[in-house]
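Spelled out from the first residue to the last, the chains are:
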Amino acid sequence: MIARVTLEIALRKEFDYFIPPELEEQVDVGSRVQVPFGSRKVLGCVTGLAEESAHATLKPILKVIGAQTLVTPKILKLARWIGEYYCCAPETALKSVLPEAVRHEQANWRERLHVRALPVTGELPKLPKRQKEVWRILEGRPELPLSELLALANTTAATVRRLEDRGLVSVAAEISERDPYAREHILPTQPLPLNPAQAKALAAIKAAMEGSPKAEGRSSKTEVRSPKSEIRSAAGPEAQGWMFDVGCSMLDVGVSPPAAPPPSLPAPHSSTFLLHGVTGSGKTEVYLQAIAHALEQGKGAIVLVPEISLTPQTVERFKARFSSGRLQTLVAVLHSHLSSGERHDEWHKIRQGRARIAIGARSAIFAPVEPLGLVIVDEEHEHSYKQEEAPRYHARDVAIVRGQMEGAVVVLGSATPSLESYYNCGKGKYTLLQLPERADDKKMPVVRIVDMRQTARPGKAIPIFSPQLKEAIAQRVERKEQVILFLNRRGYSTSLQCPLCGFVAECPNCSVSLTYHRQEQKLCCHICSHVAPVPSVCPNEKCRNPAIRYSGLGTQKVEATLVKLFPEARIVRMDSDVLKRKEDYRRILGDFRVGKIDILVGTQMIAKGLHFPNVTLVGIIYADLALHQPDFRAGERTFQLLTQVAGRAGRGDIEGEVFVQAFTPFHPAIQFARRHDFEGFYEQEMEFREQLKYPPVGRIALLTLKGRNEEKVRFSADYLKHELEKAVGNVKDLVIVGPAPAPLLRAETYYRYQIMLRAQRMAALSQRLALLIRSLTLPEDVTLAVDIDPVDLM
Ligand code: ADP
Ligand code: ZN
């Protein structure tokens, strides 16, 4: 037999290898293998099997990694779709579907020595005191890890070895699973009685789950066979069928479904839901009960949450419902903060089918849950679902495609849905479910907008705190209630300028100014992390002015000012400068929860999902910060952020209050957020998107060229535009914008130029783009990044 292998090195093709007889049993589609390539050994994934090869002499596969095929046929199919839709090489797409720890077998199961008491025949021999103590422990627990036994008996391994010599115990290495949450004491929870809106939402989701195909027997034989033959019959590795096969019509607004949809795929609108519920409306409870239903059907579930809200608090809610009590299902967590050993174990628990629920950030969408009944994408509007390096996939969109492929129901949840998802509800592609009120009868907080222009006094700097906000903080400190202050910018001052000669401290690698970090006494670039000393006089040779001026503010300055204003309050800042170790986040939130902190100052890190009943005031220091960015989503982002941050207030018995300080207080994004009016915002914003045919009305692809030589980059961009006109110019309604310098022209020493493509549909466009890119020759030191459905336009 011959194996077709996609190698991890960027070659965009498959290679044939001979399967040696001794490996025949182990090699299957989806196996990870090591093969010779030239003089090297490289890793790859078997993407097909064949009887014969066009090549006469084939080299053998050297080694198979892992006891099971690591990439299941379903995930392989998903990876192919990603490669095609997002215009990236198959090996790049394949790489992203396995965690590093599993892919490279960097980690393996941890083996620990276990001691087991053996049956005693006849009289127990007389034992010395220490051995006897050990034996007594073993009488109570006939098997336990050696280290634990030694700790209990307070003795050394030699004692146990003597018992082994006597034939009383056996000592052997056994797999001992790592459990990253072993030290948590999680109390089981019971399903809550749902309020009418929740009940209605759950009923709709359950009905769709009933409609989807029942779980088949979990015999791996049948599952492996059919896709294998499918791959064999496909016309080569780059069979074009995939794009249509998976019904990208879901993502592709306006594409009519394929003439004869594959029978296994349910009608799209019945299987994807958008659960739009205000903050605190009980969306999580709906997720939990829907997952319970999937388990009852013999299926598993994937829960995606943004990395930033993958807090112990979130994980606990899922573990508490499922990992103890009646259901006793393992919940595996895939998290970048785990050690590679923990990640290895968590992933394999899913692959072996022991964990039926996978919870994690973006890449957890590739968790090999099988059969898959349900995918939850919480905070579906979050931009962190988009991967900003190849493959540039959007986990929410991959979730929808995977759901369709595997007949699973997909639930997108948010208090501030993305315009894309809401639009798809309007088009009948998703079903909208609404939870208009907070679940626990708490009122939505009162939001007050403060016009910061009123605080300006001639000759004086604009204060950080308006008198209204200052007064409100003082009240809370007095009443021992808690305050959250939000500013989405770290550091102390955002720029350093000489008032005499105009010198500005800029990053030598990027086109941005350096931020002053007072605590660390350094200037720092927030793009490339370049660090420079703080000058005591103007660095300009001809100037040397000792009075340099700092302007703009960051979280450090907010903190420092608070300390002066409220010396008696306990103030803690939380941003990525403070959080150096993974325990820090936990510790600070823990302290805040138990009331050891009065005021928490932070960046977007504190905007999401936190639930603290004693927080009665939230202050947003500078709400327009994100509004003035050169990005058509600036308004949407501001609306989302304000709504989310405001949602942190009033989660307890006392009503919450939110102060939003802004210099453009009448901007619609701010006004609609004040009224908690998503629909209003949506309608107003859609007018603008409609006019310019921006998403969700049209679709865009962003091509970015970068290189160290600006001339070459510009020249390459012109050449690319020319080639694009030839290759995709006749795609219906296509608009090519640019080339133009990227809003951030220079980043990390590279100059960047962009071309934006706008079209009605994406599928046809991305196919042609892929072809063009393959034949394109660019100067060696200029690279091209293709971003389909981009999120970051900078
Ligand atoms: P969301 O996920 O929409 O932000 P949560 O699921 O965190 O909302 O719910 C907010 C609070 O309401 C939680 O304390 C939760 O336990 C409670 N809650 C949710 N559903 C119910 C219900 N049906 N009855 C009573 N309390 C509920
Ligand atoms: Zn820089």
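So, here is what we can say about the structure in this document. Since the model is a prediction, treat every value here as computed from it, not as a measurement. (Residues numbered from 1 in each chain as written. Chains lettered and ligands numbered in written order. Predicted model: local features only at pLDDT ≥ 70, side-chain atom pairs only at ≥ 80, totals over all residues. Heavy atoms only, no water.)

Per the secondary structure count, the chain includes 22 helices and 30 strands. Evaluated residue by residue, the chain yields a buried proportion of 53% over its 794 residues. For the chain, contacts bridging at least 24 residues in sequence account for 76% of all contacts bridging at least 6. A total accessible area of about 35,400 Å² is found for the chain, and carbon and sulfur atoms account for 52% of it. (Helix = DSSP H or I, 4+ residues; strand = E, 2+ residues; numbered from the N terminus. Buried < 20%, exposed > 50% of the residue type's maximum accessible area, 1.4 Å probe, protein only. Contact = heavy atoms within 4.5 Å. Areas by Shrake-Rupley, 256 points an atom, 1.4 Å probe, with all protein chains shown as cover.)

On to the coordination of the zinc ion (ligand 2). Around a metal, the ideal angle is 109.5 degrees if four donors adopt a tetrahedral arrangement and 90 or 180 degrees if six donors adopt an octahedral arrangement. Coordination of the zinc ion (ligand 2) by the protein comes from Cys 507 (SG), Cys 510 (SG), Cys 525 (SG) and Cys 528 (SG), over a distance range of 2.3 to 2.4 Å. Considering all 4 donor atoms around the zinc ion (ligand 2), angles at the metal cover 106 to 114° and the coordination shape is tetrahedral. Each donor residue of the zinc ion (ligand 2) lies on the same chain, and together they follow the pattern C-x2-C-x14-C-x2-C. Of this pair, Cys 507 sits in the loop between strand E18 (495-497) and strand E19 (515-517) while Cys 525 sits in the loop between strand E20 (522-524) and strand E21 (531-532); the two residues are 18 residues apart in sequence, bridging distant segments of the chain. Accessibility classification places Cys 507 together with Cys 525 in one group, the buried group. (Donors = N, O, S within 2.8 Å, 3.2 Å for Na, K, Ca; no water. Tetrahedral: all angles 85-135°; square planar, octahedral: opposite > 155°, others 65-115°.)

This part covers the sheet that holds strand E28 (residues 735-747). Spatial strand order, E28-E29-E27-E30: 4 strands in an open sheet with antiparallel pairing. Two strands lie at the open edges of the sheet, namely E28 and strand E30 (782-788), each paired on one side alone. Within this sheet the neighbouring strands show an average axis-to-axis angle of 20°, counted without direction. Pairing between strand E27 (residues 699-707) and strand E29 (residues 750-759): 9 bridges, direction antiparallel. Bridge pairing links Leu 703 to Ile 755 in E29. The sheet strands contacting helix H21 (residues 710-728) are E27, E28, E29 and E30, and the helix crosses E29 at an angle near 15°. (Pairing = 2+ DSSP bridges. Axes fitted to C-alpha atoms, helices over the stretch in contact; angles between N-to-C directions.)

In a soluble, globular protein the nonpolar side chains are often hidden away together inside. Residues Leu 724, Leu 757 and Leu 769 are the most contacted members of the largest nonpolar core, which totals 131 residues. Sort the elements by how many residues they give to this core and helix H1 (residues 73-85) lands first, with 7 residues. In contact with Leu 724, not counting residues within four places along its chain, are Leu 703, Gly 729, Ile 736, Ile 755, Leu 757, Leu 769 and Leu 772. Grouped together as the second largest cluster of nonpolar side chains are 32 residues, Met 209, Ala 290, Ile 376 and Leu 433 included. (Core = buried A, V, L, I, M, F, W, Y, C linked by side-chain atoms within 4.5 Å.)

This part covers the pattern of salt bridges. Counting across every chain of the model gives 32 salt bridges. The partner of Glu 346 in a salt bridge is Lys 349, and the shortest N-O contact between them spans 2.8 Å. Of this pair, Glu 346 and Lys 349 are both found in helix H12 (residues 340-351), 3 residues apart, which corresponds to roughly one turn of the helix. When its relative accessible area of 6% is taken as the criterion, Lys 349 is described as buried. Put simply, Glu 420 and Arg 633 hold a salt bridge, and the shortest N to O gap is 3.0 Å. Of this pair, Glu 420 sits in helix H14 (residues 419-426) while Arg 633 sits in the loop between strand E25 (615-620) and helix H18 (634-646), and the two are 213 residues apart along the sequence. (Salt bridge = Lys/Arg side-chain N within 4 Å of Asp/Glu carboxyl O.)

Turning our attention to the sheet that holds strand E24 (residues 599-602). The strands making up a sheet associate through backbone hydrogen bonding, with each pair oriented either parallel or antiparallel. Pairing is parallel in the open sheet, where 6 strands are placed in the order E16-E26-E25-E17-E24-E23. Sheet topology places strand E16 (446-451) and strand E23 (571-574) at the edges, where each strand pairs with a single neighbour. Averaged over all adjacent pairs, the angle separating strand axes in this sheet is 15°, with direction ignored. Note: E16 against strand E26 (residues 657-662), 6 bridges, orientation parallel. The residue of E26 that forms the bridge with Ile 449 is Val 660. Contacting E16, strand E17 (482-486), E24, E25 and E26, helix H15 (residues 467-479) crosses the sheet at an angle of about 155° to E25.

Turning our attention to the environment of His 394. Among the structural elements, His 394 can be located in the loop between strand E13 (372-378) and helix H13 (395-406). Judged by its relative accessible area of 5%, His 394 falls in the buried class. Apart from the residues lying within four places of it in its own chain, the contact partners of His 394 are Tyr 86, Glu 382, Tyr 385, Lys 386 and Val 791.

The next subject is empty space enclosed by the protein. In this structure the tally under the stated criterion is 3 cavities of 30 Å³ or more. Approximately 320 Å³ is the volume found for the largest cavity. Going through the elements one at a time, H13, H14, H18 and E27 are the ones with two or more residues in the lining of the largest cavity. What the second largest cavity holds in volume is close to 70 Å³. In terms of lining residues, the second largest cavity is bounded by 12 residues, among which Glu 8, Arg 32, Cys 45, Leu 94 and Lys 95 are the most central. Elements with a contribution of two residues or more to the lining of the second largest cavity: strand E1 (2-7), strand E4 (40-50) and helix H2 (90-95). Element by element, the count of residues in the lining of the second largest cavity is highest for H2, at 3 residues. (1 Å grid on protein atoms, 1.4 Å probe; cavity = no way out; pocket = protein on both sides within 12 Å on 5 of 7 lines; lining within 4 Å. Points joined across faces, edges and corners; volume = space filled by probe spheres on them.)

For E27, the tally of buried residues reaches 8 of 9 residues, placing the bulk of the element in the interior. Looking at chain direction, E27 and E30 are connected through 7 bridges and run antiparallel. Paired with Ala 701 across the bridge in E30 is Ile 788.

Inspection of the region around ligand 1 gives 17 residues, with Pro 193, Gln 198, Gly 280, Lys 283 and Thr 284 positioned closest. Between ligand 1 and Gln 198, the relevant distance is 2.8 Å, taken from a nitrogen atom to a side-chain nitrogen or oxygen of the residue. The backbone of Gly 282 places a nitrogen or oxygen atom 3.0 Å from an oxygen atom of ligand 1. Protein contact buries 76% of the 560 Å² of open area that ligand 1 shows by itself. Its residues assigned to classes, the shell around ligand 1 comprises 5 nonpolar, 7 polar and 5 charged. (Near = heavy atom within 4 Å. Polar contact = N/O pair within 3.5 Å; in protein donor to acceptor, adjacent residues only side chain to side chain. Nonpolar A, V, L, I, M, F, W, Y, C, P; charged D, E, K, R; others polar.)

Between its terminal C-alpha atoms helix H7 (residues 196-211) stretches 23 Å, which fits the 22 Å expected from 16 residues at 1.5 Å a residue. All of the buried residues in H7 are Gln 198, Ala 201, Leu 202, Ile 205, Ala 208 and Met 209. For H7, the buried positions fall inside an angular range of 125° around the axis, keeping them on one side. For H7, exposure combined with an orientation more than 90 degrees from the buried face picks out Pro 196, Lys 200 and Gly 211. The elements touched by buried residues of H7 are strand E9 (272-277), helix H10 (283-296), E13, strand E14 (409-414) and strand E15 (431-435). (Expected span 1.5 Å × (residues − 1). Arc of directions from axis to C-beta.)

Let us look at the pairing of E14. When you tally the buried positions in E14, you get 6 out of 6 residues, the bulk of the element. Going residue by residue along E14, you find Val 409, Val 411 and Gly 413 tucked away on one face and Val 410, Leu 412 and Ser 414 tucked away on the opposite face as well. In the sheet, E9 pairs with E14 via 5 bridges, with the strands oriented parallel. Considered in E14, the bridge of Leu 274 is made with Leu 412. As paired strands, E13 and E14 are joined by 5 bridges and run parallel to one another. Bridged to Val 377 within E14 is Leu 412. With H13 bridging E13 and the parallel E14, this β-α-β connection has right-handed handedness. (Right-handed = clockwise from strand over helix to strand, strands pointing away.)

Another point: the packing of aromatic side chains. The geometry of two aromatic rings is summed up by the distance between their centres and the angle between their planes. Going through the model one piece at a time under the given rule, you end up with 15 aromatic pairs. Taking the centre distance of 5.3 Å and the plane angle of 75° together, the rings of Phe 366 and Tyr 393 count as edge-to-face. On the criterion of sequence distance, the pair formed by Phe 366 in the loop between strand E12 (355-360) and E13 and Tyr 393 in the loop between E13 and H13 is long-range, its members being 27 residues apart. In this structure Phe 366 comes out as buried when scored by relative accessible area, which is 1%. Taking 4.4 Å as the distance between ring centres and 5° as the angle between the ring planes, the aromatic pair formed by Phe 632 and Tyr 694 counts as stacked. Within this pair, whereas Phe 632 is found in the loop between E25 and H18, its partner Tyr 694 is found in the loop between helix H20 (678-692) and E27, the two being separated by 62 residues in sequence. Of the residues examined, Tyr 694 reaches a relative accessible area of 17% and is grouped as buried. (Phe/Tyr/Trp six-rings, centres within 6.5 Å; stacked < 30°, edge-to-face > 60°.)

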